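# Secondary and tertiary structure notes
Read off the chains here:
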Amino acid sequence: MYDLIVIGGGPAGLAGACAAWEAGLRRILIVERDRELGGILNQCIHNGFGLHYFKEELTGPEYAGRFIEMLRDTGVEVRLDTMVLEVTDQRKVHMVGKDTGYRVEEAKSILLAMGCRERTRGAIAIPGTRPAGIFTAGAAQRYVNMEGWLPGKRVVILGSGDIGLIMARRMTLEGAKVLACVEVMPYSGGLNRNIVQCLHDYDIPLYLSHTVTDIRGVNRVEQVVVSQVDDRRQPIPGTEMVFDCDTLLLSVGLIPENELTRQAGIAIDPRTNGAVVWENMETSLPGVFASGNVAHVHDLVDFVTAESQRAGTAAARYVLEGEAAEGDALEIVNGDGVSYTVPQHVRPGRVEKACDLFFRVNRVCGPSRIKVTSGDKQIAAFSRDYLAPGEMEHILLPRKLLDGASETLCVSIEEVESE
Amino acid sequence: MYDVLIIGCGIVGAATAFELSKYQLKVGIVERENDVANGTTKANSAIIHAGYDPMPGSLMARLNVRGSALARELCAQLDVPYLPCGSLVLGFSTEDEVLLKELFRRGTQNGVPGLALLTGDEARALEPNLSPAVTAALHAPSAAICSPWEYCLALAETAVRNGAQLHLETAVTGLTPTADGWRVETSRGVLDARYVVNAAGLDAQAVHEMAAPSSFTIHPSRGEYFLLDKSEGDRVGRVIFQCPSRVGKGVLVAPTVHGNLIVGPNAEPVEGDDTATTAGGLAYVRQTALRSVPSVEFRASIRNFAGVRASTDREDFIIEEAAPHFLDLAGICSPGLSAAPAIGEYAVELLGQAGLALERKADFTASRKRVRFRELPPEEKARLVAEQPAYGRVICRCETVTEGEILDALSGPIPPRSVDGVKRRAGAGLGRCQGGFCGPRVLELLAREQGRSPGDIPQDKAGSWLLACETKGGHADV
Ligand SMILES: Cc1cc2nc3c(=O)[nH]c(=O)nc-3n(C[C@H](O)[C@H](O)[C@H](O)COP(=O)(O)OP(=O)(O)OC[C@H]3O[C@@H](n4cnc5c(N)ncnc54)[C@H](O)[C@@H]3O)c2cc1C
Ligand SMILES: Cc1cc2nc3c(=O)[nH]c(=O)nc-3n(C[C@H](O)[C@H](O)[C@H](O)COP(=O)(O)OP(=O)(O)OC[C@H]3O[C@@H](n4cnc5c(N)ncnc54)[C@H](O)[C@@H]3O)c2cc1C
């Protein structure tokens, strides 16, 4: 019987396991299906990781390396090349590995840290032929950075998510010609710094409010057709541009990898595609926690780390102190301008100093006020100069303020006239 | 010198080869592509039709009903995913109800077992997600679903294990009659055969015209699909049709044997084998399907695809000796998948009538088995991994396909040459991430086991290259 089984050895799993160790758990197991720890960071060889957490710029593998180093000083057990196939509602974890065999392990608590996967062409139903040469940006990143192969020479990128932007630069530096980055929304889905450093610096045009409307080529991509879209995101006939290219990279969103979560009967939030969680990242199944990209898609690994440390600490408390009394709960409601929040509900009685609240806005906003209300009562307000769906927002709600709320907390955005 | 040479290794060519391999004959199959099941056979609705649709007395009717019965046995024998889930044809109006009654009559005449006409409420009792607008339905319990490419592979592999020779990446370019049969020119040299069978699908007209005067025209008709995630797999438990029209059986909503939901097809005339999907076609499919099952969640789409029917200017399958020792199996549009094993049997019968000596082999092997790790109970999984650790390494995370299963595929009677070849055999890449995760790993295994450079391995058909060149090398610091 383990105190904690962590599923996934990416930054979320690593930080969660370390935190649980520090909080006093001793029988901890990390199960990772890859041959090494680090998760998706291993293929992110660009820098820009750790600015918040370590206050310095690290590459993905360097960032992961720091945590792997920390883990070495603990007694946390790691099983690599081992995939979890099933988690039961009795916290039995079925896993299989070439060297570790097929095993069923029991745990007092579980941290789900499986990360996410990329949306594919099929998910967005791009019409046309189905040749080779259409890759998700992450798959292309893996080929280039880990396998040492360039998947194509003339590239169009659909979607301006961060991975797509990073790959625009990466492919260019490897000698490919990136012809365009095409985004269906009127704003980019990626971080502003990536637009500047990965597109502008290399003269790669960004077509906002455009999408790919046809793919041509029988065996390998030969052309893609790009059209402008109207405000209902429908292609406008007559605006077609044809690009001669051999590759289309897709950076059209990430989907939390929650098959195990669903199987276990844990409640899922259709807005995040992750488990519904409490303030301490506990899911609807007591003793099972979720953090990192499996809970909601993060842009910055630093936040993954912080969130997972909270989850790891909470798992330790669950094991050491037992299940706390339910207490009152506040439901968090998405008000105007907000597309989701994590957590989705809070037990004020379990918040020590303050509750971290993450959310995304559903449109680009200029100077704004983030308002938190309960019923008719305003609990807190925060101002921001700029808000965009591509950048996750974070606010801290002090325990004192939560105690003044009842039943629901509503988070909404109010744009303010700039002085 | 082959006794019989079959041109084309889709389901029809494969079924014919399977049937012929039961006899003491030298059988050859030539296939243009680098794998079997790479034409219409891999892109269709995957339904083993009950057989109420074709006109009584037609070849289609007879071979469909017989083929469906054979499919049940063959799929069990050859370890092909097959599920006898039954089907419903929906009616939404009094005109539809007239048609349903007509289908019921036809089906009864064709010998389809168990047909029943239901009211809308009775249909909804079977399938709660059907539209409230459904007023009547025809229930055909003998309809089934299968994995069409595995079906074709199983038949072709069994034929090969029983001595048939398969020539992949070999296109037939000309046919010349000789004293004792045919000289078959191919992209890889000349082959001689006493009998030639034309199972070239969409190219059957072209192949026919290499051997005989023109006698039919193929009018290709494309059907487009959505394949939805397993989260939608339980939306319906049966194949849900609308009333058929002259151009096709209409848009259906059906489970697949892999646990997904398939929705389609439309019917659009196209040139040749144009399997592109179109915005208009997909929009039509979506709207039409929602009439039957309004709750289908199209956001769960994981793939679109299209297949092209080899429809002709004749109403029926074209199965006849078009020239001495030259047999056409042409115009095999729907229900060709269902009818295939019966077409194979009938082809052998016709070859026998044309003088081919048919003597049974004593040592015909008609079984096939493959490991499907995911479906095993935990104890079996544990035992298998303990014996052979390769079954413990999961390569495709969406479908839980292991390295062991991929190695099995690579050492099978018809080894795959492409990433999609592995997908068709082992299922890696069929799932929701569509090979995004396992693609590089499958490529690595193919390269390692076959001693090829990753750069030479295609996604699917020859020319569908995946990797342009090696990177500048080392760990670039970007
Ligand atoms: C392709 C891609 C590129 C990215 N690039 C950047 C970037 O440049 N900068 C940035 O700040 N952020 C980037 N991100 C965001 C990044 O995902 C997060 O910062 C962070 O890596 C998420 O950490 P995680 O641990 O939640 O997930 P991951 O890093 O994805 O780790 C999840 C781990 O769980 C394992 N796992 C999953 N299922 C199982 C199972 N059933 N059994 C065993 N193990 C399992 C996986 O193998 C993986 O190692 C990128 C994300 C992706 C998908
Ligand atoms: C949209 C759609 C839906 C359908 N749904 C169903 C269904 O649900 N149930 C059902 O029973 N049927 C269905 N069908 C029909 C079924 O798919 C076909 O009848 C069947 O696949 C035809 O198989 P085939 O072997 O004749 O053709 P194919 O699978 O096309 O095989 C022909 C082969 O010949 C090869 N070839 C061609 N020319 C040459 C040459 N010169 N030299 C060498 N090789 C050559 C090709 O490469 C190809 O591999 C559907 C068809 C379509 C298009």
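None of these values were measured; they are calculated from a predicted model. (Residues numbered from 1 in each chain as written. Chains lettered and ligands numbered in written order. Predicted model: local features only at pLDDT ≥ 70, side-chain atom pairs only at ≥ 80, totals over all residues. Heavy atoms only, no water.)

## Considerations on the overall build of chain B
Tallying secondary structure elements over chain B gives 12 helices and 23 strands in all. What you see for chain B is a C-alpha radius of gyration of 23 Å, in line with the 23 Å of a compact globule of 478 residues. Viewed in the frame of its principal axes, chain B has a C-alpha envelope of about 70 × 60 × 45 Å. Looking at chain B as a whole, 61% of its 478 residues qualify as buried. Of the contacts formed within chain B by residues at least 6 apart in sequence, a portion of 72% connects residues at least 24 apart. Within the structure as shown, chain B displays about 17,800 Å² of accessible surface, and the carbon and sulfur contribution to it stands at 51%. Charged side chains in chain B number 48 positive and 57 negative. The centres of these two groups are separated by 3 Å. (Helix = DSSP H or I, 4+ residues; strand = E, 2+ residues; numbered from the N terminus. Rg over C-alpha atoms; globule rule 2.2 N^0.38 Å. Buried < 20%, exposed > 50% of the residue type's maximum accessible area, 1.4 Å probe, protein only. Contact = heavy atoms within 4.5 Å. Areas by Shrake-Rupley, 256 points an atom, 1.4 Å probe, with all protein chains shown as cover. Lys, Arg positive; Asp, Glu negative; His and termini not counted. Charge placed at Lys NZ, Arg CZ, Asp CG, Glu CD.)

## Here we look at the domain arrangement of chain B
Accessible area lost when the parts come together is the quantity often used to give the size of an interface. Residue and element names in this part refer to chain B. The domain architecture assigned to chain B consists of domain 1 (1-81 + 144-218 + 312-369), domain 2 (87-141 + 219-309) and domain 3 (373-456). Distance between the C-alpha centres of domain 2 and domain 3: 32 Å. Tallying the contact residues gives five residues for domain 2 and seven residues for domain 3. One salt bridge in this structure joins R432 and D229, with 2.6 Å as the shortest N-O distance. Our count for the domain 2 to domain 3 interface comes out at three residue pairs in polar contact (both at pLDDT 80 or more). Classifying every residue of the side of domain 2 that touches domain 3 gives one nonpolar, one polar and three charged. (Domains from an automatic or database assignment. Salt bridge = Lys/Arg side-chain N within 4 Å of Asp/Glu carboxyl O. Polar contact = N/O pair within 3.5 Å; in protein donor to acceptor, adjacent residues only side chain to side chain. Nonpolar A, V, L, I, M, F, W, Y, C, P; charged D, E, K, R; others polar.)

## Here's the deal with the site of ligand 2
Residues and elements named next belong to chain B. Among the 38 residues in the neighbourhood of ligand 2, the closest are listed as E31, T41, I47, I332 and S338. Take C333: an N or O atom from its main chain is 3.4 Å from an oxygen atom of ligand 2. Against a free-state accessible area of 1,000 Å², the protein chains account for coverage of 97% of ligand 2. In terms of residue class, the shell around ligand 2 is made up of 18 nonpolar, 15 polar and five charged. Looking at which domains feed residues into the shell around ligand 2, each of domain 1 (1-81 + 144-218 + 312-369) and domain 2 (87-141 + 219-309) supplies at least three. (Near = heavy atom within 4 Å.)

## Regarding the domain arrangement of chain A
Residue and element names in this part refer to chain A. Taken domain by domain, chain A comprises domain 1 (1-118 + 254-324), domain 2 (120-252) and domain 3 (327-419). With centres defined by C-alpha atoms, the gap from domain 2 to domain 3 works out at 34 Å. Of the residues lining the interface, five residues belong to domain 2; the matching set on domain 3 comes to six residues. When the two sides are added together, the surface that domain 2 and domain 3 hide from each other amounts to roughly 380 Å², 58% of it contributed by carbon and sulfur. For domain 2, the biggest contributors to the area lost against domain 3 are Y187, G189 and L191; these three give 78% of the whole. Between domain 2 and domain 3 we count zero salt bridges in total. The interface formed by domain 2 and domain 3 includes one residue pair in polar contact (both at pLDDT 80 or more). A breakdown of the residues in the side of domain 2 that touches domain 3 according to their chemical character gives two nonpolar, three polar and no charged. (Buried area = accessible area lost by both parts, 1.4 Å probe.)

## Some points on the interface of chain B and chain A
Tallying the contact residues gives 57 residues for chain B and 51 residues for chain A. Together chain B and chain A conceal approximately 4,400 Å² of surface at their shared face, both sides included; 58% is due to carbon and sulfur atoms. Across the chain B-chain A interface, the total number found is six salt bridges. For R441 of chain B, the salt bridge goes to D34 of chain A, with nearest N and O atoms at 3.7 Å. For the pair chain B and chain A, the interface holds 15 residue pairs in polar contact (both at pLDDT 80 or more). At the level of secondary structure, the elements contributing two or more residues to the side of chain B that touches chain A comprise α7 (279-292), β18 (301-309), α9 (378-387), α12 (439-450) and β23 (469-470) of chain B. Residues belonging to the side of chain B that touches chain A are distributed by class as follows: 28 nonpolar, 17 polar and 12 charged.

## A word on the pattern of salt bridges
Following the criterion strictly, the structure yields 66 salt bridges over all chains and no others. The closest approach of N and O atoms between R347 of chain A and E279 of chain A, which form a salt bridge, is 3.2 Å. Placement of R347 of chain A in the loop between β25 (345-346) and β26 (354-361) and of E279 of chain A in the loop between β21 (274-275) and β22 (288-290) is noted, with a sequence separation of 68 residues between them. Accessibility expressed as a relative area gives 2% for R347 of chain A, which makes it buried. Connected via shared salt-bridge partners are R117, E257, E259 and R262 of chain A together with D229, R397 and R432 of chain B.

## So, the sheet that holds β26 of chain A
Residues and elements named next belong to chain A. The strand order across the open sheet built from three strands is β24-β26-β29, with neighbouring strands paired in antiparallel fashion. The open sheet has two free edges, formed respectively by β24 (338-342) and β29 (393-398), since each of these has just one partner strand. On average, adjacent strands in this sheet sit at an angle of 30° to one another, irrespective of strand direction. Pairing of β26 with β29, which is carried by six bridges, proceeds in the antiparallel orientation. Following the sheet pairing, C355 is matched in β29 by L397. Across the sheet, helix α8 (residues 301-321) is in contact with β24, β26 and β29; its angle to β26 comes to roughly 140°. (Pairing = 2+ DSSP bridges. Axes fitted to C-alpha atoms, helices over the stretch in contact; angles between N-to-C directions.)

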